[in-house]
Amino acid sequence: MTLAPSDAARDLPAPQLTAADLVGRPMPGLRGALHDGWVVTLRNLRRMTRIPEMVVFATIQPIMFVLLFAFVFGGAIPVGGGGQQAYREYLLPGVFTQTLAFTTGTTAVGLADDLHKGLVDRFRSLPMARSAVLVGRTVADWFQNFFVLVIMALCGLAVGWRSTTGC
């Protein structure tokens, strides 16, 4: 037995959203998109604090590269007659660049995982900017990368790296 709507119910207009229904929603446009992106950024940063293995593993690999290349391979590659100090001046920028290049892949895999698990579909059902998922994930990964770069720079300073100019 199926229930059919009464004639009176069929004639009612569809409910319309009013401004009062959207109270608390930030302004649309760029300001709203920035707000939504920041909210998703905070969500991803909170996720990083709840899964500390992500940050630990992202930090250990670059530190391992710095120590490995500074001490194990440090004397094997002669650089401009400056010895190990000159080698370390070339080493750290290379490890910085390598680390940042590898973490862009992590951002892409994380976005694909969010898409596969249906998170992006759930966010699409919300009144938020479509760019917020991409912006939020990318900015959160920038914060993580900055943290890793600071740790690597401190590790580099500990092994004798000094940033100098060529002048």
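Here the structure is a predicted model, which means the values were calculated and not measured.

**Student:** Help me out: how do you make sense of the overall build of the protein chain in this one?
**Tutor:** Helix and strand counts for the protein chain stand at six helices and zero strands. Reading the protein chain from its N end, one meets helices and strands in the order α-α-α-α-α-α. Buried positions account for 31% of the 167 residues belonging to the protein chain. Partitioning the intrachain contacts of the protein chain with sequence separation of at least 6 by distance along the chain shows that 75% fall at a separation of at least 24. Working note: accessible area of the protein chain is about 11500 Å², and carbon and sulfur atoms make up 69% of it.

**Student:** Just to check I follow, could you spell out helix α2 (residues 30-50) for this structure?
**Tutor:** An α-helix turns once every 3.6 residues. As a result, residues three or four positions apart point the same way. With 21 residues, α2 should cover 30 Å at 1.5 Å per step; its first-to-last C-alpha distance of 30 Å lies within 8% of that length. Gly32, Ala33, Asp36, Gly37, Val40, Thr41, Asn44 and Met48 are the residues of α2 that are buried. Looking at the buried residues of α2, the elements they touch are α3 (52-72) and α6 (132-158).

**Student:** Help me understand the packing of aromatic side chains in this model?
**Tutor:** Any pair of aromatic rings gets described here by the distance separating the centres and the angle formed by the planes. Per the stated rule, a full pass over the model turns up two aromatic pairs. With a centroid separation of 6.4 Å and an interplanar angle of 75°, the aromatic rings of tryptophan 38 and phenylalanine 143 are classed as edge-to-face. Separated by 105 residues along the polypeptide, tryptophan 38 in helix α2 and phenylalanine 143 in helix α6 bring together distant segments of the chain. Overall, the relative accessible area of 44% leaves tryptophan 38 in the partly exposed class.

**Student:** Would you explain the packing of α2 against α6 in this entry?
**Tutor:** Packed helices, taken two at a time, are described by the angle their axes make and the gap between the axes. Axis separation between α2 and α6 bottoms out at 7 Å; the angle between their running directions is 50°. Regarding the angle of α2 to α6, the classification is oblique. Where α2 crosses over α6, the handedness of that crossing is right-handed. Contact with α2, carried on its side by Asp36, Gly37, Trp38, Val40, Thr41, Asn44, Leu45, Arg47 and Met48, involves Ala132, Val133, Val135, Gly136, Arg137, Val139, Ala140, Asp141, Phe143 and Gln144 of α6 and no other residues of that element. Across the contact of α2 with α6, the residue classes break down as ten nonpolar, five polar and four charged.

**Student:** Mind showing me how you'd approach the side chain of asparagine 145 here?
**Tutor:** Relative to the elements of secondary structure, asparagine 145 occurs in helix α6. Setting aside residues no more than four positions away along its own chain, asparagine 145 makes contact with Leu100 and Thr103.

**Student:** I would appreciate a short explanation of the packing of α2 against α3 in the present structure.
**Tutor:** Axis separation between α2 and α3 bottoms out at 4 Å; the angle between their running directions is 85°. Between α2 and α3, the angle falls in the class roughly perpendicular. Of the residues in α3, those touching α2 at Arg47, Met48, Thr49 and Arg50 are Pro52, Met54 and Val55.

**Student:** Would you mind showing me how to read the nonpolar core here?
**Tutor:** Across soluble globular proteins, nonpolar side chains have a tendency to be buried as a group. In terms of nonpolar packing, the biggest core is built from 13 residues, with Val66, Leu91, Leu92, Val95, Phe96 and Met152 touching the most fellow members. Looking at this core, the elements that each hand over two or more residues are α3, α4 (83-117) and α6. Setting aside residues up to four positions removed in sequence, leucine 91 forms contacts with Val66, Phe69 and Ala70.

Thresholds, definitions, all that
All residue numbers refer to positions counted from 1 along the written sequence of the respective chain. In view of the model being predicted, local features appear only for residues whose pLDDT reaches at least 70, and side-chain atom pairs are presented and counted only at 80 or more, with totals across whole chains, interfaces and linings using the full set of residues. Side-chain metrics in this entry use all non-hydrogen atoms of the structure; hydrogen atoms and water are not considered. A helix here means a DSSP run of H or I that spans at least four residues, while a strand means a run of E at least two residues long, and both kinds are numbered starting from the N terminus. Burial here depends on accessible area, computed with a 1.4 Å probe over protein chains only, as a share of the maximum for the residue type. Under 20% is buried, over 50% is exposed, and the range in between is partly exposed. Only heavy atoms matter for contacts: two residues are in contact if any of them lie within 4.5 Å across the pair. Areas reported as accessible are Shrake-Rupley estimates using a 1.4 Å probe. Residue values count occlusion only from the protein chains shown. A helix is expected to span 1.5 Å multiplied by its residue count minus one. Aromatic pairing here means that ring centres of Phe, Tyr or Trp (its six-membered ring) are within 6.5 Å. Orientation follows from the plane angle: under 30 degrees is stacked, over 60 is edge-to-face, and everything else is tilted. Helix axes are fitted to C-alpha atoms over the stretch in contact, other axes to C-alpha atoms as well, and angles between N-to-C directions run from 0 to 180 degrees. The cut-offs work like this: below 35 degrees is roughly parallel, past 145 is roughly antiparallel, 65 to 115 is roughly perpendicular, and the gaps in between are oblique. Crossing handedness is defined as follows: a turn of the near helix away from the far one that is anticlockwise and smaller than a right angle gives a left-handed crossing, while the clockwise case is right-handed. Ten residues, namely Ala, Val, Leu, Ile, Met, Phe, Trp, Tyr, Cys and Pro, are considered nonpolar, four, namely Asp, Glu, Lys and Arg, are considered charged, and the remaining ones, Gly among them, are considered polar. The definition of a nonpolar core used throughout is a set of buried Ala, Val, Leu, Ile, Met, Phe, Trp, Tyr and Cys residues joined through side-chain atoms within 4.5 Å.

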